[in-house]
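Fold and contact review
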Amino acid sequence: MSLEHILHEMRLFKSAEELKLMRRAGEVSAAGHVKAMQVCQPGLYEYEIEAELIHQFVKHGLRAVAYPSIVAAGKNACVLHYTDNDGKLKSGDLLLIDAGAECDHYAADITRTFPISGRFTEPQRALYELVLDAQLAAIEQIKPGAAWHLAHDASVEVLTRGLVKLGLLKGRVPKLIKDEKYKQFYMHRIGHWLGMDVHDVGDYKVDKEWRLLEPGMVMTVEPGLYIPADCDSVDKKWRGIGIRIEDDVLVTAEGYEILTSAVPKTVAEIEAVMQGG
Ligand SMILES: [Mn+2]
């Protein structure tokens, strides 16, 4: 008999001891992201920001990254698994950072997107606030007994509605969702289990039905929008913008706990940190 399934189920439900390590991984990773916002300025290279993140992790005693960091400026953010990290940071572009540390083998996985110059442009702000609304709506779905797909569906609903409002999609929202038109800009799912692996083990479906959430599970919530630089179906001002916002969320008896909340994510909070506030 294979023990795989039994072990994977054990890993899916975190004990109090494991959660201590995951909270620590979340806090230290958050400190790295805050530092990246503080030191970010035009003219630096993506790898210099990567070095700042790793420096913070190691300084706090976490000497392993949970996965190769993504530091993606401007249109590089539209490349989902970009790890070249050798581009130059330009004023007027956004910087997307997907990076996390490991604490005694337990991973954190955080993404933030912020303006290199410290101030969002109007189009960037509009898309950013849409992704943030989608993330908050998805997180609100997380509680014991809620099926796995509800958070994803909430993100699709908010993003599609917003894309219509901003003029990037045309048509009726229910039909656009049914036809999966949002997928040209949001092509991945809402998240994954998190634990000893960044994409951790554990079934997402049981008997072909989406699994119900239970206390002790930890998942990421990471909606995004990626408008290809050559997307001629949308106004020029949107092209080449890539945004993702990702937090690590524990299912609790009452609902949820965000393990990575120490990194700012509203426009006002991000701009304040970047102005030295
Ligand atoms: Mn992730």
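Thresholds applied
- Residues numbered from 1 in each chain as written.
- Predicted model: local features only at pLDDT ≥ 70, side-chain atom pairs only at ≥ 80, totals over all residues.
- Heavy atoms only, no water.
- Donors = N, O, S within 2.8 Å, 3.2 Å for Na, K, Ca; no water.
- Helix = DSSP H or I, 4+ residues; strand = E, 2+ residues; numbered from the N terminus.
- Buried < 20%, exposed > 50% of the residue type's maximum accessible area, 1.4 Å probe, protein only.
- Salt bridge = Lys/Arg side-chain N within 4 Å of Asp/Glu carboxyl O.

Attention shifts here to the coordination of the manganese ion. Distances from the manganese ion to its protein donors, D109 (OD), H192 (NE2), E222 (OE) and E246 (OE), fall within 2.1 to 2.3 Å. All donors of the manganese ion come from a single chain, and their spacing in sequence reads D-x82-H-x29-E-x23-E. Of the two residues, D109 is situated in the loop between β5 (106-107) and β6 (110-115) and H192 in the loop between α6 (173-178) and β7 (205-206); the sequence distance between them amounts to 83 residues. The two residues D109 and H192 agree in class, both being buried.

A full pass over the atoms with the stated rule returns 16 salt bridges. One salt bridge connects R244 with D98, and the closest N-O pair in it is separated by 2.9 Å. Of this pair, R244 sits in strand β11 (residues 242-244) while D98 sits in strand β3 (residues 94-99), and the two are 146 residues apart along the sequence. In this structure, K265 engages D247 in a salt bridge whose closest nitrogen and oxygen atoms are separated by 2.8 Å. Remark: D247 occurs in strand β12 (residues 247-251) and K265 occurs in the loop between β13 (256-258) and α7 (267-274); sequence separation between them is 18 residues. Since its relative accessible area comes to 13%, K265 is described here as buried. Relative accessible area serves as the criterion here: at 0%, D247 is assigned to the buried category. Salt bridges linked by common partners bring R11, K14, D197 and D200 together as one network.

Keep in mind these numbers describe shape, not what the thing actually does.
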